[in-house]
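Inside the fold
What follows is the residue order along each chain.
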Amino acid sequence: MRKRIAILGATGSIGRQVLDVIGNNYEIALVSADKQGELLAREFSCAKNVTIVSNSNYNVPANDNNVHIFSTDCLSNPSTYTGIDVVVNGIGGIWGIEPSFAVLESNAKLITANKETFVACGYLFMDRANQLGKKVGVDILPIDSEHSAVWQCLVGENWNDLDKITLTASGGAFRDFTKEQIASLKAEDALKHPTWKMGKKVTIDCATLMNKGFEIIEAKHLFKTANVEVVVHRESIIHSMVTFKDGCSKLQFSAPDMRLPISYALTEPSRVKLDLSLNTPSLYSIQGLTFSAPDYDKFPCLKIASEVAKISEDYPSAIMCVSDEIAVELYLKNLISFYQISDIISLTLKEFQEGKIDKPSSVLSIYAKVREYILGIIGG
């Protein structure tokens, strides 16, 4: 029997790649898009019994028998996922947090690319998962290439034997520039990622290496270890490595294509052959791979996140997460420079030191205050 699946953020980078590899084992039950509901309506007009959720208003095609909901608020309600077996959360940013919690409270399996759930609410989310008996690798499946790689390396292992996680980083669009050169580069330059094709926000985060900082915190929560390091690996062939307490290590390598970890999450514990044009690396083809330590002076966002990752509460990382989201938005609009992103995050962390994340909506509650503060810093 085919499983019923919901794809949140179906028109984004993750959502489109899910649709590429979904195969015949799934029946699409729900798709969502913030502003591109009309596109989904056209794509699924010939389908039956698909719920299409969007914040955009559009004319429903005359031959369309699907259910249309013109607000994404329902994605934060566990009842939305009644009768659905698997939910892929491909929503980027803090707006994907409440849907993650809603899926957790439902009977559906969560396949997630939303880092912000773990960065801003990691302790809250994992505490609730433990209360519900939901486990990583069973009910909560990561599809970031790095965390998928760690998960795959831990299959069949005693997770208590894990000593260290090594996350690899491509280095982003500015890896070959000097700090002086980077200071004058614009968002259009930062969006030219050398390896991966992703949404704008996460691509900028890759350029600042904040994305890797987020992944440190995500790995800490998913795999219950604070011993997470980052290595710059520009070829993006090795996606992560785990080291066990006896000194042995495992690593996972594959072509740098997000469809691989997505497919694994959809089909595990089995694997399927994908009808994709992939240059699968062999041992002979990976000669000459490079590894180096990250430059914290050139990429201060990674240093900030590494320090925040040491704090055993959600509030500081939530402030960092929200301030990064706002600062990246301003950089994309060419309203601030590259290094103002890290400056803004540092100032905001100093300004907002007292608070608590006691429910998923807490993050959205602090968003307005943090935004007002940041706009004040840059002069409105």
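Check the entry above for the structure.
All figures in this text were calculated on a predicted structure; none of them were measured in a lab.

**Focus: the overall build of the protein chain**
- Counting its secondary structure elements, the protein chain contains 14 helices and 11 strands.
- The C-alpha atoms of the protein chain give 20 Å as radius of gyration, which agrees with the globular expectation for 380 residues (21 Å, within 12%).
- Reported as C-alpha extents along the three principal axes, the dimensions of the protein chain are approximately 55 × 55 × 40 Å.
- Taking all 380 residues of the protein chain together, 54% fall into the buried category.
- Sequence separation of 24 or more characterises 63% of the internal contacts of the protein chain that already satisfy a separation of 6 or more.
- Element-wise, carbon and sulfur atoms account for 49% of the exposed surface of the protein chain, whose accessible area totals about 17,200 Å².
- For the protein chain, the centre of its 38 positive side-chain charges and the centre of its 44 negative side-chain charges are spaced 3 Å apart.

**Section: the pattern of salt bridges**
- Counted by the stated rule, this structure contains 22 salt bridges.
- Notably, a salt bridge pairs glutamate 116 with lysine 201, separated by 3.9 Å at the nearest N-O pair. Here glutamate 116 is found in helix H4 (residues 116–132), whereas its partner lysine 201 is found in helix H8 (residues 200–208), with 85 residues between them in sequence.
- Residue glutamate 215 is joined to lysine 212 by a salt bridge in which the shortest nitrogen-to-oxygen separation is 2.7 Å. In this pair, glutamate 215 and lysine 212 both sit in helix H9 (residues 210–223), 3 residues apart, roughly one turn of the helix.

**Here's the deal with the side chain of glutamate 146**
- Among the structural elements, glutamate 146 can be located in helix H5 (residues 145–154).
- Among the residues examined, glutamate 146 registers a relative accessible area of 9% and is labelled buried.
- With near-sequence residues (within four places) excluded, glutamate 146 lies in contact with Leu167, Thr168, Lys212, Glu215, His239 and Ser240.

Conventions adopted
Residues numbered from 1 in each chain as written. Predicted model: local features only at pLDDT ≥ 70, side-chain atom pairs only at ≥ 80, totals over all residues. Heavy atoms only, no water. Helix = DSSP H or I, 4+ residues; strand = E, 2+ residues; numbered from the N terminus. Rg over C-alpha atoms; globule rule 2.2 N^0.38 Å. Buried < 20%, exposed > 50% of the residue type's maximum accessible area, 1.4 Å probe, protein only. Contact = heavy atoms within 4.5 Å. Areas by Shrake-Rupley, 256 points an atom, 1.4 Å probe, with all protein chains shown as cover. Lys, Arg positive; Asp, Glu negative; His and termini not counted. Charge placed at Lys NZ, Arg CZ, Asp CG, Glu CD. Salt bridge = Lys/Arg side-chain N within 4 Å of Asp/Glu carboxyl O.

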